[in-house]
Amino acid sequence: MATCWPEPIVSVQSLSQTGVPTVPNRYVKPAHQRPVFNTTQSDAEMEIPVLDMDDVWGKPEGLRLVRSACEEWGFFQMVNHGVNHSLMESVRGAWREFFELPLDEKRKYANSPDTYEGYGSRLGVVKDAKLDWSDYFFLNYLPSSIRSPSKWPSQPPKIRELIEEYGEEVRTLCERLIETLSESLGLEPNHLMKALGGENKVGASLRTNFYPKCPQPQLTLGLSSHSDPGGITILLPDEKVAGLQVRRGDGWITVKSVPNALIVNIGDQIQILSNGIYKSVEHQVIVNSGMERVSLAFFYNPRSDIPIGPIEELVTENRPALYKQIRYDEYRSLIRQKGPCGKNQVDSLLLSR
């Protein structure tokens, strides 16, 4: 794995703050990758499912709703999820304050491509790659043996405590969701968690994304099209500014976040474990010229050193195994080298190729 970036890192936020009138060429996407802001689909087709978890937990009809969302969309919003609303607001606000700190202060936490942990502005180590219009802070959360709060920001005050408190609430939510996904696949509640390596061995990380104002949002993306490499992702979106787009057929749907909702999406490892029943769906992030955005993505991932392949009970004569086995650390390493690349990585594991 590379230990340094192929080119000097430029803070996109600092670039934006200079008032540049045009997007520098290294951020301009090829024409076929540029964002689409208009759609002809009806409003009904433009909404990812919204699930009230009070109607899901422990209820057969709730399991059907979850299964439908995961089969048809790979995404859903959830309300009444159990994570404290004021905590969500506080941790998002603390991260917003972090990104407003002077650049020299943020660069104390500058990351490298060997672990990505810390403050950064690019994904992937391909030289001369087209870059995304965003900065981020990435930190490891699980297993606790690799958690290093000393690498977390110390400013603004209490941000470390807020990260810890939010992380624990979302971790509990993920454990409950994995049980629900397992049951919705017709498996025992603990089956999927065991396949991920067991709740004491799973991995988790947090990436806070900062999307600065952009002078030409039609030419670039805040985050290029990709599917998430891990198990499931819990996204705390910006409360005021839309930006997440989900692929639907040949088009893109801009997600309209519901107040106090969290957004769940299926990652590549659940697609593999479910033998393709559940889908990890491509998504991307658009930017705008008038407002900055902050979002928090909590990635809940398999234990890194065990092979992940289709669960035996989900392989049948009519649905043979679709994917080769691969260890998550190997899969993640490939993603980190290449950066966002649509569904190419998970598709490369298809046995029919």
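Everything discussed here concerns the structure shown above.
Residues numbered from 1 in each chain as written. Predicted model: local features only at pLDDT ≥ 70, side-chain atom pairs only at ≥ 80, totals over all residues. Heavy atoms only, no water.

## Here's the deal with the overall build of the protein chain
Here is step 1 of the chain: The number of helices and strands found in the protein chain is nine helices and 14 strands.
Here is step 2 of the chain: Taken over C-alpha atoms, the radius of gyration comes to 19 Å for the protein chain, in line with the 20 Å a tight globule of 353 residues would show.
Here is step 3 of the chain: In terms of overall dimensions, the protein chain has a C-alpha envelope of 60 × 45 × 40 Å along the principal axes.
Here is step 4 of the chain: The proportion of buried residues among the 353 residues of the protein chain is 53%.
Here is step 5 of the chain: Sequence-distant contacts in the protein chain: of pairs separated by 6 or more residues, those separated by 24 or more amount to 79%.
Here is step 6 of the chain: Both charge centroids of the protein chain, one from 39 positive and one from 44 negative side chains, sit 6 Å from each other. (Helix = DSSP H or I, 4+ residues; strand = E, 2+ residues; numbered from the N terminus. Rg over C-alpha atoms; globule rule 2.2 N^0.38 Å. Buried < 20%, exposed > 50% of the residue type's maximum accessible area, 1.4 Å probe, protein only. Contact = heavy atoms within 4.5 Å. Lys, Arg positive; Asp, Glu negative; His and termini not counted. Charge placed at Lys NZ, Arg CZ, Asp CG, Glu CD.)

## Details of empty space enclosed by the protein
Here is step 1 of the chain: Within this structure, the stated rule accounts for two cavities of 30 Å³ or more.
Here is step 2 of the chain: The calculated volume of the largest cavity comes to roughly 170 Å³.
Here is step 3 of the chain: When contributions to the lining of the largest cavity are tallied by element, the ones reaching two or more residues are strand 5 (203-211), strand 6 (223-226), strand 7 (232-236), strand 11 (283-285) and strand 12 (293-301).
Here is step 4 of the chain: Considering every element that reaches the lining of the largest cavity, the biggest residue donor is strand 12, with four residues.
Here is step 5 of the chain: Taken together, the residues of the lining of the largest cavity sort by class into eight nonpolar, six polar and three charged.
Here is step 6 of the chain: For the second largest cavity, the calculated volume is near 40 Å³.
Here is step 7 of the chain: Its residues placed into classes, the lining of the second largest cavity shows five nonpolar, one polar and two charged. (1 Å grid on protein atoms, 1.4 Å probe; cavity = no way out; pocket = protein on both sides within 12 Å on 5 of 7 lines; lining within 4 Å. Points joined across faces, edges and corners; volume = space filled by probe spheres on them. Nonpolar A, V, L, I, M, F, W, Y, C, P; charged D, E, K, R; others polar.)

## Overview of the pairing of strand 7
Here is step 1 of the chain: With five of five residues buried, strand 7 is to be regarded as a mostly interior element.
Here is step 2 of the chain: Neither face of strand 7 is left uncovered, since the one carrying Ile232, Ile234 and Leu236 and the one carrying Thr233 and Leu235 both have all their residues buried.
Here is step 3 of the chain: Alignment of strand 7 against strand 10 (residues 262-266), held across four bridges, turns out to be antiparallel. Among the inter-strand pairings, leucine 235 is bridged to a residue of strand 10, identified as isoleucine 263. (Pairing = 2+ DSSP bridges.)

## Focus: the layout of surface pockets
Here is step 1 of the chain: Approximately 730 Å³ is the volume attributed to the largest pocket.
Here is step 2 of the chain: Contributing to the lining of the largest pocket are 41 residues, with Phe138, Pro229, Tyr328, Arg332 and Arg336 lying nearest its centre.
Here is step 3 of the chain: The element best represented in the lining of the largest pocket is helix 8 (residues 328-338), accounting for five residues.
Here is step 4 of the chain: Here the lining of the largest pocket is composed, by residue class, of 19 nonpolar, 12 polar and 10 charged.
Here is step 5 of the chain: Of the pockets and cavities examined, the second largest pocket occupies roughly 630 Å³.

## A closer look at the packing of aromatic side chains
Here is step 1 of the chain: Summed over the entire model, instances satisfying the criterion amount to 14 aromatic pairs.
Here is step 2 of the chain: Judged by centre distance (5.4 Å) and plane angle (85°), the rings of tryptophan 5 and tyrosine 116 are edge-to-face. On the criterion of sequence distance, the pair formed by tryptophan 5 in the segment before helix 1 (12-17) and tyrosine 116 in the loop between helix 4 (103-106) and strand 3 (118-120) is long-range, its members being 111 residues apart. Neither residue differs from the other here; tryptophan 5 and tyrosine 116 are each classed as buried.
Here is step 3 of the chain: Judged by centre distance (6.4 Å) and plane angle (40°), the rings of tryptophan 95 and phenylalanine 99 are tilted. With tryptophan 95 and phenylalanine 99 both in helix 3 (residues 85-99) and four residues apart, the pair spans about one turn of that helix. (Phe/Tyr/Trp six-rings, centres within 6.5 Å; stacked < 30°, edge-to-face > 60°.)

## A word on the environment of leucine 206
Here is step 1 of the chain: Of note, leucine 206 is situated in strand 5.
Here is step 2 of the chain: Apart from residues no more than four positions distant in its own chain, leucine 206 is found in contact with Trp95, Phe137, Phe138, Leu139, Ile163, Leu296, Ala297 and Phe298.

## Describing a negative patch on the surface
Here is step 1 of the chain: A cluster of acidic residues, Glu179, Glu183, Glu188 and Glu199, forms a negative patch on the protein surface.
Here is step 2 of the chain: Looking at the secondary structure, you find glutamate 199 in the loop between helix 6 (191-196) and strand 5.
Here is step 3 of the chain: On the basis of relative accessible area, glutamate 199 is assigned to the partly exposed category, the value being 41%. (Patch = residues over 30% accessible without salt bridge, like charges linked within 9 Å, V, L, I, M, F, W, Y side chains within 5 Å. Areas by Shrake-Rupley, 256 points an atom, 1.4 Å probe, with all protein chains shown as cover. Salt bridge = Lys/Arg side-chain N within 4 Å of Asp/Glu carboxyl O.)

## Re the environment of leucine 101
Here is step 1 of the chain: Tracing the chain through its elements places leucine 101 in the loop between helix 3 and helix 4.
Here is step 2 of the chain: C-alpha of leucine 101 to C-alpha of leucine 142: the two residues are 41 residues apart in sequence and 27 Å apart in space.
Here is step 3 of the chain: Those residues within four positions of leucine 101 in sequence are excluded, and the remaining contacts are Lys106 and Gln155.

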